[in-house]
Amino acid sequence: MTMNLNVRVDVFIIIYSCLCLTLTGASEAERRLHHKLFQNYNMKVRPARFWQEKVMVRVGMTLSQLVSLNEKNGEMTTNVFMNLAWTDYRLSWNPEEYDNIDVLRIPPNKVWRPDIYLINNNDGQFDVALYVNVLVYSNGLVNWLPPAIYRSSCSIEVAYFPFDWQNCSMVFRSYTYDASEVDLQYFLDDHDNEIHEIVIDENAFTENGEWAICHKPSRKNVKEDLYEDITFYLIIERKPLFYIINIIVPCILTSVLAIFVFYLPPGAGEKMTLSISVLIALTVFMLLLADKVPETSLAIPIIVNYVMFTMILVTFSVILSVVVLNLHHRTPSTHFMPNWVRKVFIDFLPKYIGMTRPAPDEVVFKEEACENTPIPSFNGRQPGGEYFFRKINPDLVMPWRGRCESTVQLQRHPDTDGFCLILPPNLKAAIGAVTYMAEQLKKQDTDDSMTGDWQFIALVVDRLFLWLFVIITTLGTLAMFLDASFNYTPNNPFP
């Protein structure tokens, strides 16, 4: 039993010693390699064998997330990994001499790095987010893949907001080296083919809820004075669903309310209240858009144009509602109706806008039909005829009976064959009173007829404005949003 335990302890010690020797050997080889590479290494010197030689630096980008695009500040925020690769002949070795070590991971502040930064940054942060180790291969190839969150400036085109697309770019160049010292080239893929676009990391990419990426090309720009850069483009298209649901649809419904102001009868007394309420609602929409749209005078967004178009229509609806109410409350004692107004708004327009006015004869005919309806009888007598069977006090019917000063006389005019009727004074007064009442009733009928004509004219004008606003609102809405439908993202990013 004791012998078996001692054997197991000896085996464990032997295995542990071999493992320690192996690890120590590997660490010793890496230490010697580090010592050999950086013994006379100067990180401030460009890795060129002679002064005229150019150092080729390949630049690429892997996109992890399009964080946001701030239209108001003209700023695009992206989460990326930069892909930088160059060859440093001083960092090469023979792997066979160092236990087949083929790659080293070295802190970036110990090797020469090209000072390539984002030129069009918007927040003053030129550098990457984290200084990760560089990968140094035995043939001298150096790869550096640092993560970065860039806030780059982007010129915003607001003419077709929110049915717009934007072309944002990120420009990378060396701050201190020109094209005669550092040659910028595209990054290579696994098959040594140049990558002329931004790479999307499918495993880590997070889609943006407002923008869809349509094109992501890259281009090398060479200009005068030995200037060159690598520019990465993001051509993105806005997803307009949020704005359609929250702004455009309520705005269209508000314009429909402005149309129905003219369908509300003038006598209801709520036309002005409805018009002003719609105007206040559109003012609120304008305030909401002011916080979202960039403060620029180069172009006016299409949605602002539509809100302004609707606000102008609502303003005119308020003014025209005042006109309609003025026509509705006119009377013959305050206004005279010209003959052309009667011909245009009573005789001509109604039949073309779908309005008909009942003729006065039809109303009288209906009233006569109601009067000629036979009255049911009770016990063989009609209810109205019972007064002829009762004994009526004559003094109640003719209170002046017996007090007449004289009877009616027929007198002949002298020197003529004509006769005149001489009435007693009290009968003359009664006839004068009846005549006055008849004239007043006739005048009241005339005034009522004129008032009815003014009210009908108000209805005709209301209906005319209703159809005009329906046509103008429909054509204006279709014209603006159909124009936006032609603003599509180009198929070729570099036509």
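Bear in mind that the values here come from a model prediction, so they are computed numbers and not experimental data.

Parameters at a glance
- Residues numbered from 1 in each chain as written.
- Predicted model: local features only at pLDDT ≥ 70, side-chain atom pairs only at ≥ 80, totals over all residues.
- Heavy atoms only, no water.
- Core = buried A, V, L, I, M, F, W, Y, C linked by side-chain atoms within 4.5 Å.
- Buried < 20%, exposed > 50% of the residue type's maximum accessible area, 1.4 Å probe, protein only.
- Helix = DSSP H or I, 4+ residues; strand = E, 2+ residues; numbered from the N terminus.
- Contact = heavy atoms within 4.5 Å.
- Expected span 1.5 Å × (residues − 1).
- Bend = angle between axes of the 7 residues up to and from the residue.
- 1 Å grid on protein atoms, 1.4 Å probe; cavity = no way out; pocket = protein on both sides within 12 Å on 5 of 7 lines; lining within 4 Å.
- Points joined across faces, edges and corners; volume = space filled by probe spheres on them.
- Nonpolar A, V, L, I, M, F, W, Y, C, P; charged D, E, K, R; others polar.
- Salt bridge = Lys/Arg side-chain N within 4 Å of Asp/Glu carboxyl O.
- Patch = residues over 30% accessible without salt bridge, like charges linked within 9 Å, V, L, I, M, F, W, Y side chains within 5 Å.
- Areas by Shrake-Rupley, 256 points an atom, 1.4 Å probe, with all protein chains shown as cover.
- Arc of directions from axis to C-beta.
- Axes fitted to C-alpha atoms, helices over the stretch in contact; angles between N-to-C directions.
- Parallel < 35°, antiparallel > 145°, perpendicular 65-115°, else oblique.
- Left-handed = near helix turned anticlockwise from the far one by under 90°.
- Phe/Tyr/Trp six-rings, centres within 6.5 Å; stacked < 30°, edge-to-face > 60°.
- Lys NZ or Arg CZ within 6 Å of the ring centre and 35° of its normal.

Observations concerning the nonpolar core
- Counting 50 residues, the largest nonpolar core has Val 59 and Phe 172 as its most contacted members.
- The element that contributes the greatest number of residues to this core is strand 1 (residues 55-70), accounting for seven residues.
- If near-sequence neighbours (up to four positions away) are discounted, Val 59 is found in contact with Met 82, Asn 83, Leu 84, Ile 116, Leu 184, Gln 185, Tyr 186, Phe 187, Ile 230 and Phe 232.

With respect to helix 2 (residues 241-260)
- In this model, helix 2 (20 residues) spans 27 Å end to end at C-alpha, consistent with the 28 Å of a helix rising 1.5 Å per residue.
- The principal kink in helix 2, of about 30°, is found at Ile 248, preceding the proline Pro 250 by one to four residues.

Notes on the layout of surface pockets
- Taken as a whole, the largest pocket spans an internal volume of roughly 380 Å³.
- Around the largest pocket sit 19 residues that line it, and Arg 58, Ala 85, Leu 141, Asn 143 and Leu 188 are the ones nearest its centre.
- Contributing elements (two or more residues each) for the lining of the largest pocket: strand 1, strand 2 (75-92) and strand 6 (139-144).
- Broken down by element, the lining of the largest pocket gets its largest block of residues, four residues, from strand 2.
- Among the residues forming the lining of the largest pocket, the class breakdown is ten nonpolar, two polar and seven charged.

Concerning the environment of Lys 110
- Within the element layout of this structure, Lys 110 appears in the loop between strand 3 (103-106) and strand 4 (116-118).
- If we ignore the near neighbours within four places in the chain, the residues touching Lys 110 are Phe 38, Tyr 41 and Met 43.

Considering the pattern of salt bridges
- All told, the structure shown has 13 salt bridges when counted by the stated rule.
- One salt bridge connects Arg 90 with Asp 88, and the closest N-O pair in it is separated by 3.1 Å.
- Residue class for Asp 88 comes out buried when judged on its relative accessible area of 0%.
- Salt-bridge contacts for Arg 238 lead to Glu 210; the nearest nitrogen and oxygen are separated by 2.7 Å. Taken together, the positions of Arg 238 in strand 13 (residues 227-238) and Glu 210 in the loop between strand 10 (199-200) and strand 11 (211-215) put the pair 28 residues apart, joining distant regions of the chain.
- A network of salt bridges, in which partner residues are shared, links Glu 71, Asp 164, Glu 210 and Arg 238.

Side note on a nonpolar patch on the surface
- A cluster of nonpolar side chains, namely Ile 252, Val 256, Phe 260 and Tyr 263, defines an oily patch on the protein surface of about 370 Å² accessible area.
- Mapped onto the elements of the fold, Ile 252 is located in helix 2.

Structural notes on helix 3 (residues 271-290)
- Its 20 residues give helix 3 an end-to-end C-alpha distance of 29 Å, which sits within 8% of 28 Å, the value for a rise of 1.5 Å per residue.
- Inspection of helix 3 places Lys 271, Ser 275, Val 278, Leu 282, Phe 285 and Leu 289 among the buried residues, and these make up the whole buried set. Projected down its long axis, helix 3 shows its buried positions confined to an angular sector of 80°, all on one face. Opposite its buried face, helix 3 presents the exposed residues Ile 280 and Leu 287, each directed more than 90 degrees away.

Examining the packing of helix 3 against helix 4 (residues 302-328)
- Between helix 3 and helix 4, whose axes approach to 9 Å, the crossing angle comes to 165°. In terms of their interaxial angle, helix 3 and helix 4 are classed as roughly antiparallel. Helix 3 and helix 4 meet at a crossing whose hand is left-handed.
- Its residues placed into classes, the contact of helix 3 with helix 4 shows 17 nonpolar, six polar and one charged.

Description of empty space enclosed by the protein
- Evaluated as defined, the whole model comprises three cavities of 30 Å³ or more.
- Estimated volume of the largest cavity: approximately 100 Å³.
- Secondary-structure elements contributing two or more residues to the lining of the largest cavity are strand 2 and strand 4.

Things to note about the environment of Phe 242
- If you trace the backbone, Phe 242 turns up in helix 2.
- The spatial distance from the C-alpha of Phe 242 to the C-alpha of Glu 210 is 8.2 Å, given a sequence separation of 32 residues.

Looking at the packing of aromatic side chains
- Enumeration over the complete set of coordinates arrives at 16 aromatic pairs.
- When the centroid spacing of 5.3 Å and the interplanar angle of 90° are considered together, the rings of Phe 242 and Tyr 243 count as edge-to-face.
- Judged by relative accessible area, Tyr 243 falls into the buried class, the value being 3%.
- Between Phe 260 and Tyr 263 the ring centres are 6.2 Å apart and the planes differ by 80°, which places this aromatic pair in the edge-to-face class.
- We classify Phe 260 as partly exposed; its relative accessible area is 48%.
- When its relative accessible area of 52% is taken as the criterion, Tyr 263 is described as exposed.
- Pairwise contacts between aromatic rings join Phe 163, Tyr 306, Phe 309 and Phe 481 into one cluster.
- Cation over ring: Arg 46 sits above Trp 51, and NZ or CZ is 5.4 Å from the ring centre.
- Over the ring of Phe 38 we find Lys 110, and its NZ or CZ is 4.9 Å from the ring centre.

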